[in-house]
Amino acid sequence: MPSLRPTGKILRVAAAVFLSTAIASSPAFAGNGNGNGGGNGGGNGGGHGGGKGNSGHSASASGGQKTTKAHGHKTTKASTGQKVTKASVSPSQKLTKTVPANELGSLNGFLHASPKAYANAAPNSAIGKVRTYAGLLQDYLSPQPGVTPPTLAEVAASLDLAANKPLSTSSIAAVNAKLQANDPALAQSIENYSGGAPTLAEAIDGAL
């Protein structure tokens, strides 16, 4: 009958099987497997979630920039003052528009003359005669001490010589307004007249 005593080879195989079984069931190795699985899962999930969140924040920030840009554009447009800025119109220009050119006659040239043309006009020209009228009007409104002032009739007659059309209150007022723009001293004298410029124009017209 053969012997049942294990040989050296059989003992080595049995020891290897036992060692493998013991390693597989060891708590240390089992924990390592769970740790790897949990680590990979948590890392991937956190990375994707965070990326989407940042993308949403960027969209919100972009929206804020558009709102600011639109608001700034409206403010700049509202601050423009193109309609507010207008060229000023002198009183003589306003009065000239209310008096027909055919009524003004030769006085129309004076009303459109520059200050230089007014100052250099020949005494016998229509503009020069208006300058003579201005001097008499100033002497009438603000008489110099020791000097007899002209009468209102003389003042009216001097302006009538400059005109080739019958004078009216409107045409006289237009001439006086132009003179006020050219001569600050005369402008002040006219304003100091009782009733102001309108009343003075009526008085001169009445003295013709």
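Look above for the structure.
Note that the structure is a prediction, hence the values are computed from the model and not measured. (Residues numbered from 1 in each chain as written. Predicted model: local features only at pLDDT ≥ 70, side-chain atom pairs only at ≥ 80, totals over all residues. Heavy atoms only, no water.)

Caption draft 1: Spotlight on the overall build of the protein chain. Tallying secondary structure elements over the protein chain gives 11 helices and 0 strands in all. Per element, the accessible surface of the protein chain, about 14000 Å² overall, is 60% carbon and sulfur. (Helix = DSSP H or I, 4+ residues; strand = E, 2+ residues; numbered from the N terminus. Areas by Shrake-Rupley, 256 points an atom, 1.4 Å probe, with all protein chains shown as cover.)

Caption draft 2: Highlighting the nonpolar core. If you look at the biggest cluster of nonpolar residues, it comprises 31 residues, and the most contacted ones within it are Leu107, Phe110, Tyr133, Leu137, Val175, Leu179 and Ile204. Those elements giving two or more residues to this core turn out to be α5 (107-111), α7 (126-141), α8 (152-162), α9 (169-182), α10 (184-192) and α11 (196-206). Each residue touching Tyr133, except ones within four places of it in the same chain, is listed here: Val155, Ser158, Leu159, Ile172, Val175, Asn176, Leu179 and Ile204. (Core = buried A, V, L, I, M, F, W, Y, C linked by side-chain atoms within 4.5 Å. Buried < 20%, exposed > 50% of the residue type's maximum accessible area, 1.4 Å probe, protein only. Contact = heavy atoms within 4.5 Å.)

Caption draft 3: Focus on the side chain of Ser158. Within the secondary structure, Ser158 is located in helix α8. The residues contacting Ser158, other than those within four sequence positions of it, are Lys129, Tyr133 and Leu136.

Caption draft 4: Inspection of the environment of Ser125 at higher detail. Assignment of secondary structure puts Ser125 in the loop between α6 (115-120) and α7. You can call Ser125 partly exposed: its relative accessible area is 26%. Distance in space between the C-alpha atoms of Ser125 and Ser106 is 9.6 Å, their sequence separation being 19 residues.

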